[in-house]
Protein chains: 2
Amino acid sequence: MKLASYARDSWTFSGNGTVADGLIELRSAIDGHVVAVASRGGVDVAEMVRYARSTGGPNIRRLTFRERADMLRALAAYLNEKKPSLYDLSFETGATRGDNFFDIDGGIGTLFSYASRGRREMPDERFALDGPLEPLSKGGTFVGRHVMTPLYGVAVHVNAFNFPCWGMLEKLSPAILAGMPVIVKPATPTAYVAHAVFRCIVESGILPAGSVQMIVGSVGDLLDHLNGQDVISFTGSADTSLLLRNHAVVAQNSVRFIAERDSLNAAVLGKDARPGTPEFDLFIREVAREMTVKCGQKCTAIRRALVPAEFLEPAEAALVERLGQVVVGNPRLESVRMGALAGQPQRSEVRARIAELSSEAVVAYGDPEHCTVTGADDQHGAFLSPILLRCENPQNATKVHGVEAFGPVATLMPYEDTEDAIAIARRGSGSLVASVYSYDDAIANELILGMAPYHGRIIVIDRDCAKESTGHGSPLPPLVHGGPGRAGGGEELGGLRGVFHYMQRTALQGSPERLSSVTRCWLKGAPEKETGVHPFRRSFDELEVGETIHTPPRTVSLDDIEHFARFTGDQFYAHMDEEAAKANPFFPGRVAHGYLILSFAAGLFVDPAVGPVLANYGLDGLRFLKPVSPGDEIRVRLTVKQKTPRKPEYGEVRWDVEVTNRDGEVVATYDLLTMNARAHASA
Amino acid sequence: MKLASYARDSWTFSGNGTVADGLIELRSAIDGHVVAVASRGGVDVAEMVRYARSTGGPNIRRLTFRERADMLRALAAYLNEKKPSLYDLSFETGATRGDNFFDIDGGIGTLFSYASRGRREMPDERFALDGPLEPLSKGGTFVGRHVMTPLYGVAVHVNAFNFPCWGMLEKLSPAILAGMPVIVKPATPTAYVAHAVFRCIVESGILPAGSVQMIVGSVGDLLDHLNGQDVISFTGSADTSLLLRNHAVVAQNSVRFIAERDSLNAAVLGKDARPGTPEFDLFIREVAREMTVKCGQKCTAIRRALVPAEFLEPAEAALVERLGQVVVGNPRLESVRMGALAGQPQRSEVRARIAELSSEAVVAYGDPEHCTVTGADDQHGAFLSPILLRCENPQNATKVHGVEAFGPVATLMPYEDTEDAIAIARRGSGSLVASVYSYDDAIANELILGMAPYHGRIIVIDRDCAKESTGHGSPLPPLVHGGPGRAGGGEELGGLRGVFHYMQRTALQGSPERLSSVTRCWLKGAPEKETGVHPFRRSFDELEVGETIHTPPRTVSLDDIEHFARFTGDQFYAHMDEEAAKANPFFPGRVAHGYLILSFAAGLFVDPAVGPVLANYGLDGLRFLKPVSPGDEIRVRLTVKQKTPRKPEYGEVRWDVEVTNRDGEVVATYDLLTMNARAHASA
């Protein structure tokens, strides 16, 4: 298998395909055979950047978020069909079936997740609104609002070798949804899996021309061609991260830089979780699992297992017992629990790190140099036993908090009290994730809030959630992934937060009319369009943002209030007892029920006949601003605020509703939501 | 005046106070006399960092957002009283009365703004929630939510010389509100103003020990002591920015870095805004104003004025005429419109940049070497005439888009069509702000969306908003300030966004019970506490998050529906016409009004007697999930979701309300908001 780069919508393999010509042989982690050969580079990266800017960018920005979300969904469905062949290839990286689930299924799941978030949470537009209207002037003629637009550059994704599929797709999904073309640089050791997934993406023909390209081998002088409209998202080692971050052009041009690098993640057994409790068992299970899943090659794996000093012995015994059951070997075998490291160079690296850690910790389980291997050959594969270390004095140690052995390696360490546990966890200088095992409110809350500033994610695993928990090591698309300090200070995923990394936030200022017009969301103070036709008689497609009716007034009588109270059963004293109501700090005396005002308002603006309005399905931001006293008059302004297509047959209309009294004071304001037929209903 | 550093809560002046001893003389911009002397440094910055961590951090994190907001408000009120003496000192920087308004009043206004946002938008807690609940499992036992906690380090604020007061306070306000101690490094040329403001802050005694420190002179090896829990926020030149950003420790430890640097901001006159239109006049006024306010020493000033080629001549003529009326001189005089640059070194620098720009542009107004000065001496002051340049061919030019002359200097340039104008504006490679002058929907919207990816802020100035507009050059606390690319890629202000830069976002995962407990916000699935007392009978302080009642059921009859329809006037066909309702895609036949359900729900859960509940003041996120047919039964669960103190006498209770039918299906869900007395009402 020859891994070509994909540049300017065609496959480009430079060199004649020999090692002498500068090719790299990518070897199986199981038996060392050459799975693929990769070029060291040589593709014209400047041309790739230009092509992304000139072709990919315009093609993808032309689409709305909705259309991009639909592409992601189609792509996810397409890749879903290709899973068997991807699994097969992925075994060669040393991954087991379970590991494949994280990498392949997890990657496709992220595509699905962003597809559905794009449909549900983003407008059918090429820009998104961020936050509410900001009033900027007393008279209301000058207002502000933030808008997000896709950056005009290219997203450069530099991925790690451990999750060739997930790592690519978790970066690709939000970038594509945002509207940016992508250049992917997979890590070389497992590039054949990334390449296979990428080939499927290209074959699917779903993404527009220029929207994705791939560099196999060196990125050459790619960084020299970037500017402030570009984004680099990097996952890998601190050293490489620094090279990219401090590159002269990246710094000078403020190229956006997102990094996810080393992390010495902690798992903390609570003081309450003594041996015999469910949380103790969950801790043992999770530490052993995180050590062995993906052969410990996870940036989110547990590296430091913190236990109350009094539970150190039983915890170590339980872990040793559990690790003793782990079958290491050929990941294709059902009986095998842990496969191989990505390759022999990785194994040498991990062994060197274990040696470093051994100056502060002793080996409690496993032999770094020998491993019983099932169904494969230890000589040619990259197998390594799980290694549990024990560090007796973590407060005085430094390496166990700073040296990441990127394999099935963790260090067990005792702590005195909860404050001590927090201090030790923080010694990681910033991590991607920490996990807590406790069923005690005070202990769990202290651990969470104490560790939070140093962590991008904290998971509490206890008897209530264990069954459904996705575990310590799994980043999920709705939640942010990244951590401060040593972990790189970057953030990815987290729902739309991850999409906004590829967009520019711009504060817009101007008149309500101008801002309504450009954002297609009506703001109070902008013109009210009156068509002469009741808006309930106009279909979703006919309705225009700003379309308004003003209703005639209706008087709210004391009889109405009493009648409503009896009918609904809501006899709250503010409606029924003049004396008591007067004593209330908010009311001048008896007042109408809020829901009476809401109901009368609907009575005033609803056009009852069959028509395009299908259903009232909710309201947002209702505030009762002024009481309505018996004898007061109310009237309603109803304005089309925003339109969002939902299905081919109907869409959501958000109405701006304002109920005013005889003096024109606003008594209630809210957004009403209806579903409206796209064309006229023919009932 | 000797400017001392403020380290570890005491004033520290190193050296014996002579220039020979390494002191810097700070001279008046008006007449060159020595206003103050500043030490070159020499304070123990490592100790300052340690003190911020050991004393300032704990002191400020101990407070809730509410308490910090109250401090900001008190501080703003205190500084408000000191304005006259601050104005007086500020004149020496060359600032006019109007300029003082931006710097002194603007700075204090930012404190007030963050104080009120802190009170209104943040909880009375030491952490904030970010975004909604994220469901993570089918069974609902495993959920996620994001929480923001203050970083455990120090915020280092490196300020520019042009706005010594505003620049300090706009960075200080969000950091203090977030809960971080601050070390301020003012720019030396105008440090005496920053120092005077800072001295007031110290004298006020409002902020806790260790929460603010100031370095006058060099920051020494400050950066060597920072880590991933620290933040640097920098405003100034690109060169200094790069030095800080690429410092080995900053890069290695992922110290958060926010930069605001060079910006060649554009003002664009729309194709529609021909001479004689209000927008043409507004453009002329704004360009002239931005050139002269603060003597053009504003990172947000208009540097590039783009006009349709056909209006180049009249625009130039109008600008020349307007600039001719600008009286330059002693800023203390009422008649003076423009004061001096911050000092003679700044003037030399601006003249050098004008010379550079002159290779691509000709001087249309002003003489860089000579200036008529009123009430002051051109020899000893730092006066400079406004300089208008004209560049005929901006598409082929480079310097006019890249060289920032930080003084009263702008370049006028013609463009062909709107697309051309956008392309020229983008040549700035990322700017803080652009302004648009147009009264045409299509033109204004094209300019806004075309320039948005390259700008942090865009303001449209037209006849509708001009009177209330705060203008091109004014960053406002509710809106983000910062820009991509050349402008540094940073973001400040923008309401709570600016606060969150000083906090860590952490994704929490666990059971609803655990997340409810730690966030003090009840989530569905967490335990429902039943006290045996109706929650409407318990005061704000007595109520506990999670307290719940379940009401008995009530049947909704066809009579109820018809009665409600007649009473309210809402005779929508889905409630009244079985045939038509059946044809509707959402309904099985006639259904109850949404507001009938809401009203009956209130009738079920309201406890009518006088008590702690003062008022229903709104609801959020109401969704009708399932229709209620005649004969269906509804019942309600009412749970205390969140409590927010508002006044000494009462607080806001947010209730989680769920209306279910006989089959236990949710028919409606919403958050109800009430105001509740802190103690029992004694009505």
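Residues numbered from 1 in each chain as written. Chains lettered and ligands numbered in written order. Predicted model: local features only at pLDDT ≥ 70, side-chain atom pairs only at ≥ 80, totals over all residues. Heavy atoms only, no water.

1. Describing the relation of the copies chain A and chain B
Between the two copies of this chain, the relationship is a rotation about some axis together with a displacement along it.
Here comes step 1: Of the transformation placing chain A onto chain B, the axial shift is 0.0 Å and the rotation is 180°, giving an RMSD of 0.0 Å. As the rotation angle and translation indicate, the two copies are arranged about a two-fold axis. Closest approach to the rotation axis within chain A is made by the C-alpha atom of Asp620(A), at a distance of 2.5 Å.
Here comes step 2: Of the residues that chain A buries at the interface, 99% are likewise interface residues in chain B, meaning the two copies contact each other through the same surface. (Least-squares fit on C-alpha atoms with pLDDT ≥ 70 in both. Contact = heavy atoms within 4.5 Å.)

2. Description of the pattern of salt bridges
Here comes step 1: According to the stated counting rule, one finds 92 salt bridges over all chains in the structure shown.
Here comes step 2: Among the ionic pairs, Glu491(B) bridges to Arg505(A), the shortest N-O distance being 3.0 Å. Of this pair, Glu491(B) sits in the loop between strand E20 (480-481) and strand E21 (492-493) while Arg505(A) sits in strand E22 (residues 503-510), each in a different chain.
Here comes step 3: Residue classification places Glu491(B) among the buried residues on the basis of a relative accessible area of 17%.
Here comes step 4: According to the relative accessible area criterion, Arg505(A) is buried, its value standing at 17%.
Here comes step 5: Two residues, Glu633(B) and Arg662(B), come together in a salt bridge whose shortest N-O distance is 3.5 Å. Here Arg662(B) lies in the loop between strand E27 (650-660) and strand E28 (666-677) and Glu633(B) lies in strand E26 (residues 633-645), a separation of 29 residues in the sequence.
Here comes step 6: Sharing partners across several salt bridges, the network here consists of Lys524(A), Glu528(A), Arg637(A), Asp656(A) and Glu658(A). (Salt bridge = Lys/Arg side-chain N within 4 Å of Asp/Glu carboxyl O. Helix = DSSP H or I, 4+ residues; strand = E, 2+ residues; numbered from the N terminus. Buried < 20%, exposed > 50% of the residue type's maximum accessible area, 1.4 Å probe, protein only.)

3. Here's the deal with the side chain of Ser438(A)
All names here are of chain A.
Here comes step 1: Relative to the elements of secondary structure, serine 438 occurs in the loop between strand E18 (431-437) and helix H14 (441-451).
Here comes step 2: For serine 438, a relative accessible area of 0% corresponds to the buried category.
Here comes step 3: A distance of 2.9 Å separates a polar atom in the side chain of serine 438 from a polar atom in the side chain of aspartate 272.
Here comes step 4: A distance of 3.1 Å separates a polar atom in the side chain of serine 438 from the backbone nitrogen of aspartate 440.
Here comes step 5: With sequence-adjacent residues up to four places away left out, serine 438 is seen in contact with Gly270, Asp272, Glu279, Ile443, Ala444, Val460, Ile461 and Asp462. (Polar contact = N/O pair within 3.5 Å; in protein donor to acceptor, adjacent residues only side chain to side chain.)

4. Brief notes about a negative patch on the surface
All names here are of chain A.
Here comes step 1: There is a patch of like negative charges on the surface, built from Glu416, Asp417, Glu419 and Glu446.
Here comes step 2: With respect to the helices and strands, the residue glutamate 416 is situated in the loop between strand E17 (409-415) and helix H13 (418-426).
Here comes step 3: The exposed category is assigned to glutamate 416, whose relative accessible area is 53%. (Patch = residues over 30% accessible without salt bridge, like charges linked within 9 Å, V, L, I, M, F, W, Y side chains within 5 Å. Areas by Shrake-Rupley, 256 points an atom, 1.4 Å probe, with all protein chains shown as cover. Lys, Arg positive; Asp, Glu negative; His and termini not counted. Charge placed at Lys NZ, Arg CZ, Asp CG, Glu CD.)

5. As for the interface of chain A and chain B
Here comes step 1: Counting residues at the interface gives 124 residues for chain A and 124 residues for chain B.
Here comes step 2: Roughly 10,500 Å² is buried in total at the junction of chain A and chain B, and carbon and sulfur atoms are behind 56% of that figure.
Here comes step 3: Measuring nitrogen to oxygen at the nearest pair gives 2.8 Å for the salt bridge that ties Glu134(B) to Arg117(A).
Here comes step 4: At the boundary of chain A and chain B, one finds 77 residue pairs in polar contact (both at pLDDT 80 or more).
Here comes step 5: Across the side of chain A that touches chain B, the residue classes break down as 59 nonpolar, 39 polar and 26 charged. (Buried area = accessible area lost by both parts, 1.4 Å probe. Nonpolar A, V, L, I, M, F, W, Y, C, P; charged D, E, K, R; others polar.)

6. Remarks on the packing of aromatic side chains
Residues and elements named next belong to chain A.
Here comes step 1: Tallied over the full model, the rule gives 28 aromatic pairs over all chains.
Here comes step 2: Measuring from ring centre to ring centre gives 5.6 Å for phenylalanine 536 and tryptophan 655, while their planes differ by 50°; the resulting arrangement is tilted. On the criterion of sequence distance, the pair formed by phenylalanine 536 in the loop between helix H16 (512-519) and strand E23 (548-550) and tryptophan 655 in strand E27 (residues 650-660) is long-range, its members being 119 residues apart.
Here comes step 3: Overall, phenylalanine 536 belongs to the buried group, its relative accessible area being 5%.
Here comes step 4: Here the aromatic residues Tyr6, Trp11 and Phe198 are joined through ring pairs into a cluster of three or more.
Here comes step 5: If you follow arginine 199 out to its NZ or CZ, it ends over the ring of tryptophan 11, 4.3 Å from the centre. (Phe/Tyr/Trp six-rings, centres within 6.5 Å; stacked < 30°, edge-to-face > 60°. Lys NZ or Arg CZ within 6 Å of the ring centre and 35° of its normal.)

7. Here we look at the pairing of E22(A)
Looking along a regular strand, one sees side chains alternate from face to face of the sheet.
Here comes step 1: Burial within E22(A) is extensive, with 8 of its 8 residues counted as buried.
Here comes step 2: A two-sided burial pattern is seen for E22(A), the buried positions comprising Met503(A), Arg505(A), Ala507(A) and Gln509(A) on one face and Gln504(A), Thr506(A), Leu508(A) and Gly510(A) on the other.
Here comes step 3: Here strand E7 (residues 143-150) of chain A pairs with E22(A) via 8 bridges, running antiparallel. Counterpart to Gly144(A) in the pairing with E22(A) is Gln509(A).
Here comes step 4: Examined bridge by bridge, E22(A) and strand E19 (residues 455-460) of chain B share 3 bridges and lie parallel to one another. The residue of E19(B) that forms the bridge with Gln509(A) is Ile459(B). (Pairing = 2+ DSSP bridges.)

8. Considering the nonpolar core
Here comes step 1: The biggest cluster of nonpolar side chains holds 92 residues, and the ones touching the most others in it are Phe605(A), Tyr670(A), Phe605(B) and Tyr670(B).
Here comes step 2: In this structure Tyr670(B) touches Tyr595(A), Leu598(B), Ala601(B), Phe605(B), Leu619(B), Asp620(B), Gly621(B), Leu622(B), Trp655(B), Asp656(B), Val657(B) and Val659(B), once residues within four positions along its chain are discounted. (Core = buried A, V, L, I, M, F, W, Y, C linked by side-chain atoms within 4.5 Å.)

9. Details of the sheet that holds strand E1 (residues 2-3) of chain A
All names here are of chain A.
Here comes step 1: Read from one edge to the other, the open sheet built from 3 strands follows the order E1-E5-E4, with strand pairing classed as mixed. Looking at strand neighbours, the two that pair on one side only are E1 and strand E4 (23-27), the edges of this open sheet.
Here comes step 2: Strand direction decides the pairing type here: E4 and strand E5 (residues 34-39), joined by 5 bridges, are antiparallel. From the neighbouring strand, leucine 23 faces E5, where its bridge partner is serine 39.

10. Notes on the environment of Leu63(A)
All names here are of chain A.
Here comes step 1: Take leucine 63: it is sitting in the loop between helix H1 (45-61) and helix H2 (65-81).
Here comes step 2: A C-alpha to C-alpha distance of 56 Å links leucine 63 and glutamate 360, two positions 297 residues apart in sequence.
Here comes step 3: Sequence-distant contacts of leucine 63, that is, excluding residues within four places in its chain, are made with Arg68, Met71, Arg126 and Pro208.

11. A look at the packing of helix H9 (residues 278-292) of chain A against helix H10 (residues 312-324) of chain A
Residue and element names in this part refer to chain A.
Here comes step 1: At their nearest, the axes of H9 and H10 sit 10 Å apart, and the two run at 50° to each other. Considered as vectors, H9 and H10 are oriented oblique to each other. Between H9 and H10 lies a crossing of right-handed hand. Here Phe280, Ile284, Arg285, Val287, Ala288, Met291 and Thr292 of H9 lie close against H10, whose contacting residues are Pro314, Ala315, Ala318, Leu319, Arg322 and Leu323.
Here comes step 2: In the contact of H9 with H10, the residues fall into 10 nonpolar, 1 polar and 2 charged. (Axes fitted to C-alpha atoms, helices over the stretch in contact; angles between N-to-C directions. Parallel < 35°, antiparallel > 145°, perpendicular 65-115°, else oblique. Left-handed = near helix turned anticlockwise from the far one by under 90°.)

12. Looking at the domain arrangement of chain A
Here comes step 1: On domain assignment, one finds that chain A holds domain 1 (2-262), domain 2 (265-471) and domain 3 (528-682).
Here comes step 2: Of note, the centres of domain 2 of chain A and domain 3 of chain A, computed from C-alpha atoms alone, are 58 Å apart. (Domains from an automatic or database assignment.)

13. Remarks on helix H1 (residues 45-61) of chain B
Here comes step 1: Residue Ala52(B) marks the point of greatest curvature in H1(B), where the axis turns by about 35°.
Here comes step 2: Those residues of H1(B) that are buried lie in contact with strand E2 (5-7), helix H2 (65-81), strand E7 (143-150), helix H5 (166-178), strand E9 (182-185) and strand E10 (212-214) of chain B. (Bend = angle between axes of the 7 residues up to and from the residue.)

14. Quick word on H5(B)
Here comes step 1: Taking 1.5 Å of rise per residue, the 13 residues of H5(B) would be expected to cover 18 Å, and the 19 Å separating its terminal C-alpha atoms lies within 8% of that figure.
Here comes step 2: Counting buried positions along H5(B) yields 13 of 13 residues, so the element is predominantly enclosed. (Expected span 1.5 Å × (residues − 1).)

15. Quick word on the state of the cysteines
Here comes step 1: The full count for this structure, using the stated rule, is 0 disulfides over all chains.
Here comes step 2: Between Cys465(A), a free cysteine, and Cys521(B), which holds the nearest cysteine sulfur, the sulfur-to-sulfur gap is 18 Å. (Disulfide = S-S within 2.5 Å.)

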